[in-house]
Amino acid sequence: MNVMIFTSSPNIDGLTAACGNAAKTGAEESGAHVVMVNLNRQQIGHCQACGNGWGTCRNEHKCQVQDDFQDLYASMANINAFIMVTPVYFGEMSESAKNFSDRLRRCEAFKKDKTFLEGKPILAVAAAGGSGNGLTSCLTSMERLFTHVRAEKFDLIGITQKNKGYKLDAIHEAGKEMVAVLIRKG
Ligand SMILES: Cc1cc2nc3c(=O)[nH]c(=O)nc-3n(C[C@H](O)[C@H](O)[C@H](O)COP(=O)(O)O)c2cc1C
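Residues numbered from 1 in each chain as written. Predicted model: local features only at pLDDT ≥ 70, side-chain atom pairs only at ≥ 80, totals over all residues.

**Things to note about the overall build of the protein chain**
Inference 1: Across its full length, the protein chain carries 6 helices and 5 strands.
Inference 2: Written out in order from the N terminus, the α and β elements of the protein chain read β-α-β-α-α-β-α-β-α-β-α.
Inference 3: Whereas a compact globule of 186 residues would reach a radius of gyration of roughly 16 Å, the protein chain reaches 16 Å, a difference of no more than 12%.
Inference 4: Looking at the protein chain as a whole, 40% of its 186 residues are labelled buried.
Inference 5: Sequence-distant contacts, at least 24 apart, represent 79% of the contacts inside the protein chain between residues at least 6 apart. (Helix = DSSP H or I, 4+ residues; strand = E, 2+ residues; numbered from the N terminus. Rg over C-alpha atoms; globule rule 2.2 N^0.38 Å. Buried ≥ 20, exposed ≤ 12 C-beta atoms within 10 Å, placed from the backbone. Contact = placed C-beta atoms within 7 Å.)

This is how it looks when you write it as structure tokens:
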């Protein structure tokens, strides 16, 4: 059982990283092999909206902007479940998460065949500051993304600096349960 966890913060010891590690421990406790991907360490630029708005993404389901996106995207075919953790910036996903998810959505959304995420469980975590302003709008945009790529939403969890005491436990349990459910399904 392969699980890929995306994190998308520049801080290696911040709340996003703590959420990613909590989910990782939980998934591993249920027997998963976990691949961690820090999107801030990848060279993934923004979508160029090639041509008149669509490039090869629409019909060939490939992004023609050459960078680290291609290898990461290809590797997702062999993953059974996903966890996406982003800090909340201005009520949205962080820039590295947006760059990646914009291009992922374009490659996946018009596939006639199964997408790389279709029917696969995905857990969203939005990590905000103390105010929690924009936490729900961030989760809403993640929910839209998951719908477009046809993933199966397992949970959408918001966490702030104030409630991390119990929410980190919830993220750990969510990672554990998501994999356990998959294993039970066979
Ligand atoms: C550019 C920027 C924008 C932010 N916008 C918000 C926001 O809209 N709402 C919020 O609650 N926190 C906001 N924050 C705070 C971060 O979401 C918060 O510090 C989060 O824990 C960062 O994750 P990290 O610890 O992994 O860096 C913002 C931080 C930055 C750097």
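There is more to say after this.
**So, the sheet that holds strand S2 (residues 33-38)**
Inference 1: Strand order in the open sheet made by the 5 strands is S2-S1-S3-S4-S5, with parallel pairing throughout. What marks the edges here is a single partner per strand, and that holds for S2 and strand S5 (152-159). Averaged over all pairs of adjacent strands, the angle between strand axes in this sheet comes to 15°, irrespective of strand direction.
Inference 2: Pairing between strand S3 (residues 81-87) and strand S4 (residues 121-127): 6 bridges, direction parallel. Residue pairing across strands places Thr86 opposite Ala126, the latter belonging to S4. (Pairing = 2+ DSSP bridges. Axes fitted to C-alpha atoms, helices over the stretch in contact; angles between N-to-C directions.)

**What to know about the pairing of S5**
Across a regular strand the side chains alternate sides, sitting on one face of the sheet and then on the other.
Inference 1: Of the strand pairs in this sheet, S4 and S5 are connected by 7 bridges, and their pairing is parallel. Residue pairing across strands places Ala127 opposite Ile159, the latter belonging to S5.
Inference 2: Note that the unit made of S4, helix H5 (residues 135-148) and S5 has a crossover that is right-handed. (Right-handed = clockwise from strand over helix to strand, strands pointing away.)

**Looking at unusual backbone geometry**
Inference 1: Although it is not a glycine, His61 adopts a positive phi angle of roughly 60°.
Inference 2: By secondary structure assignment, the location of His61 is in the loop between helix H2 (56-59) and helix H3 (69-75).
Inference 3: Phi at Phe90 takes a positive value of approximately 50°, unusual for a residue other than glycine.
Inference 4: Looking at the element boundaries, Phe90 is found in the loop between S3 and helix H4 (95-109).

**Here we look at the environment of Thr86**
Inference 1: With respect to the helices and strands, Thr86 occurs in strand S3.
Inference 2: In sequence terms Thr86 and Cys50 are 36 residues apart; their C-alpha atoms lie 26 Å from each other.
Inference 3: Among residues more than four places away in sequence, those in contact with Thr86 are Ser8, Thr16, Met93, Ser94, Ala97, Ala126, Ala127 and Cys138.

**Some words on helix H6 (residues 164-185)**
Inference 1: Look at H6: 31 Å from first C-alpha to last across 22 residues, which is about the 32 Å you get at 1.5 Å a residue.
Inference 2: For H6, every residue scored as buried is listed here: Lys167, Ile171, Ala174, Gly175, Lys176, Met178, Val179 and Leu182.
Inference 3: In the core, the buried residues of H6 are packed alongside strand S1 (2-7), helix H1 (15-29), S3, S4 and S5. (Expected span 1.5 Å × (residues − 1).)

**As for the environment of Lys98**
Inference 1: Summarising the element assignment, Lys98 is placed in helix H4.
Inference 2: Using a count of 19 C-beta atoms within 10 Å as the deciding quantity, one classes Lys98 as partly exposed.

Interpretation in functional terms is not warranted from these geometric data alone.
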